[in-house]
Structures are given as structure tokens and as C-alpha cells.
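Next come the chains, spelled out residue by residue.
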Amino acid sequence: MRVSRKVRKAVIPVAGLGTRFLPATKSMPKEMLTLVDKPLIQYAVEEARASGIREIILVTGAGKGAIEAHFAPNRELERELMARGKQAEARAVRAVSRLARVVSARQKRPLGLGHAIGCARDLVGDEPFAVLLPDEIIDARVPCLRQLLAAHAQRGGCVVATQRVPRADLSSYGVMKVEPLRRRLFRVRGLVEKPALNRAPSNYAIVGRYVLEPEIFGLIWRTPRGRDSEIQLTDALARYAADRPMYAVAFSGRRFDAGSKAGFLKATLHFAAKHPELRRVLRRWRQS
């Protein structure tokens, strides 16, 4: 059994326009929308850190400076909070800047997820890496990414997170042909991006967590534009899976598509119900 190299870096693409949340995202990145008391992007970075990764590569676009600023130190704000006796708030601000080493790559044109990942090639180098999509929020006792890293450490190859989705929703996802290996682990035998219902090979969809081998970069740049005239990561992964080992983990945890208004609302209620200050307020409101 192959023992793979340790994954030290995570790529988080944040160059999207966030059109589903306009006009809120007209001047603010979608990734900075607040889910209870933290922006979406912080949930992704915290999951990476909880999975043992300390270097984050943001793939950014125009107007995304607020994301980089969120993770940069702000000594002036810390001093002002301390002067006002707000020690807890000052510690929270300091903790964000210490979560990880954050660097950026620029995606100059919005040409799809595959293209965005390809833009991180120079910063990733020749080593395996993780990818987290920040509008996919996963609440899990063992972080979803850590579950993928465990499979990668044992098996090598590319590893993706998966869950079964209703058949009517399959045309919104990358969908896989899978072969069960053991509980919650599958060998991927094929992939289709946003298939028509009669072409979906299963109801196992890719969810926004990946562990990828560096060979994926060459495949990305040889992948022609596909659906929506974009370079699709799913198409590059399909080429990878054709002659290399690729696996899918049916992760344990609860997932929210916070890139949609309905999913963002559900995630807000879920995390509010767990928040020490808000859960009692929410309970009373529901009973009123």
C-alpha cells in the first residue's frame, strides 16, 4: 500500500463574483459574508488548520483585498481594544492573524474552478495539496478535510469528499462512477460535470473538499474549456482517474451550501443554535 507525502498547503479559491448574493456582494467579497460571528472564509481556514495545514494559498481576483486584510495582523485595532478593556475581542482579532500563513495568487480572468486551482501552481510546487471551497461549510466532529487526509495518507492519489444527493439535484454537481472499497471509501472510476439526469453515473456528488496530487496541474492546463466555457476541475479529475488511483470519501458531518441564499440561511440557524450566546435567544424566538 502506498504511503503518500504529507500535505502541507491548502488552496482556497476566492475569485468568484458572488452574483447570487448581489447587491450585498457588489462591494464586499462573498467570502466575507458573516455566518453568525465569522466570515465564510474563516470557517475554511479554521478547518484547514484543524486538519494540520498551516499554509493557505488564496486564489484571488479583483476587489478581494478585504479577505487578505482579514488574516493580516492589525496591531492598532488590538491596542485600541485593549485600551477599552475589551481583552476577549483583542484576543479574537489576534487569533485570526495567527491561524495560518496566508499568501495569494491572482486569477486574472474568471475561467472556472480548474483554472483557479491552476493559478496556484507556482505557490504549491511539486507536492500534494488540499483544496477547500469556502462556500461549502461542513460541521463535523472530525474535520472533513482531515477525513480526506487520512485516506490520502493510506492510499495516495487524488481524494475528494462526496455525499449522496437527490437525483433531481445531480445536474448541479460533478458526479462520479464509484466502486465501494470499504465503509465510506470508494474508488472513483469516472466523473461527469453537471450531467443530464440520464447521464449521471450515480448519485454520489463531489463536495467542495479535495486532496490533489501535483500531476493535476498538467492535466488542468491540457483540459479544454468545457461546460459554461470554463476549465472544469471535474474534467481534469476525469482524466486523472482514467489511469491513476482516485478515491472518494463519504465524509461524516453536516454540509451547507452557503453559496446559496437558502443554504446560507440554514447554516446561520445551525451555527446560531450552537453559539453560547445565541442558542438561548434562538430557542426562545422559535417558541414565541
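Residues numbered from 1 in each chain as written. Predicted model: local features only at pLDDT ≥ 70, side-chain atom pairs only at ≥ 80, totals over all residues. Heavy atoms only, no water.

**A short note on the overall build of the protein chain**
The condition is simple: Only DSSP runs of H or I reaching four residues or more are called helices, and only runs of E reaching two or more are called strands; each is numbered from the N terminus. The size measure is the radius of gyration over C-alpha atoms, and the globule rule it meets is 2.2 Å times the number of residues to the 0.38 power. Throughout, exposure labels follow a simple rule: accessible area from a 1.4 Å probe, protein chains only, divided by the maximum for the residue type, with under 20% read as buried, over 50% as exposed, and the rest as partly exposed. By definition in these notes, contact holds between two residues if any of their heavy atoms fall within 4.5 Å.
On a plain count of helices and strands, the protein chain comes out with eleven helices and 13 strands. In terms of overall size, the protein chain behaves like a compact globule, its C-alpha atoms giving a radius of gyration of 19 Å where 288 residues would be expected to give roughly 19 Å. The dimensions of the protein chain, computed from C-alpha atoms along their principal axes, are 60 × 50 × 40 Å. Evaluated residue by residue, the protein chain yields a buried proportion of 52% over its 288 residues. Summarising the internal contacts of the protein chain: among those between residues at least 6 apart in sequence, 77% fall at separations of at least 24.

**Points about the packing of helix α3 (residues 75–83) against helix α4 (residues 87–97)**
As a reminder of what qualifies: Comment: axis = line fitted to C-alpha atoms, over the contacting stretch for helices; angle = value between 0 and 180 degrees taken between N-to-C directions. By the definition adopted for this analysis, an angle is roughly parallel if under 35 degrees, roughly antiparallel if over 145, roughly perpendicular if from 65 to 115, and oblique otherwise. Put simply, a crossing is left-handed when the front helix is turned counterclockwise from the back one by less than a right angle, and right-handed when it is turned clockwise. As a working rule, the residues Ala, Val, Leu, Ile, Met, Phe, Trp, Tyr, Cys and Pro are called nonpolar, Asp, Glu, Lys and Arg charged, and the rest polar, with Gly in that last group.
The N-to-C vectors of α3 and α4 enclose an angle of 165°; their axes lie 8 Å apart at closest approach. One way to sum up the angle between α3 and α4 is to call them roughly antiparallel. The hand of the α3/α4 crossing is left-handed. Taking contact as the criterion, the partners of L77, E78, L81 and M82 in α3 are, on α4, Q87, E89, A90, V93 and R94. A per-class count over the contact of α3 with α4 returns five nonpolar, one polar and three charged.

**Observations concerning a nonpolar patch on the surface**
For clarity, the threshold we go by: Patches draw on residues past 30% relative accessible area with no salt bridge. Two like charges within 9 Å are joined, as are two nonpolar side chains (Val, Leu, Ile, Met, Phe, Trp, Tyr) within 5 Å. All accessibility values rest on the Shrake-Rupley procedure with a 1.4 Å probe; residue burial counts only the protein chains present in the view. Think of a salt bridge as a Lys or Arg side-chain nitrogen and an Asp or Glu carboxyl oxygen that are within 4 Å of each other.
On the surface, a cluster of nonpolar side chains totalling about 330 Å² of accessible area is made up of L265, L269 and W285. Within the secondary structure, L265 is located in helix α10 (residues 261–274).

**With respect to the pairing of strand β7 (residues 136–139)**
For clarity, the cut-off: When DSSP finds two or more bridges between two strands, those strands count as paired.
Burial of the side chains of β7 extends over both faces: E136 and I138 are buried on one face and I137 and D139 on the other. As defined by bridge partners, β7 adjoins strand β13 (residues 254–257) across four bridges and the pair is classed as antiparallel. The residue of β13 that forms the bridge with I138 is R255.

**Some points on the confidence of the model for the protein chain**
When pLDDT drops low, the exact placement of atoms in the prediction is not to be read closely. To keep things clear, this is the line we draw: Scored from 0 to 100, pLDDT reflects the predictor's confidence in each residue.
Residues with a pLDDT of 70 or more make up 98% of the protein chain, whose mean pLDDT is 91. Considering each helix and strand of the protein chain separately, the mean pLDDT is smallest for helix α11 (residues 279–287), with a value of 85, and largest for strand β6 (residues 129–132), with 98.

**Re a positive patch on the surface**
The condition that has to hold: As used throughout, the charge tally considers Lys and Arg to be positive and Asp and Glu to be negative, leaving His and the chain termini uncounted. For charged residues, the charge sits on one atom: NZ in Lys, CZ in Arg, CG in Asp, CD in Glu.
Residues R279, R280, R283 and R284 make up a contiguous surface patch of positive charge. Within the secondary structure, R284 sits in helix α11.

**Topic: the pairing of strand β10 (residues 185–193)**
With eight of nine residues buried, β10 is to be regarded as a mostly interior element. In the sheet, strand β9 (residues 174–182) pairs with β10 via eight bridges, with the strands oriented antiparallel. Paired with V178 across the two strands is V188, which belongs to β10. Taken together, β9 and the strand that follows it, β10, pair antiparallel across an intervening segment of two residues, in which R184 is found at a positive phi of about 70°.

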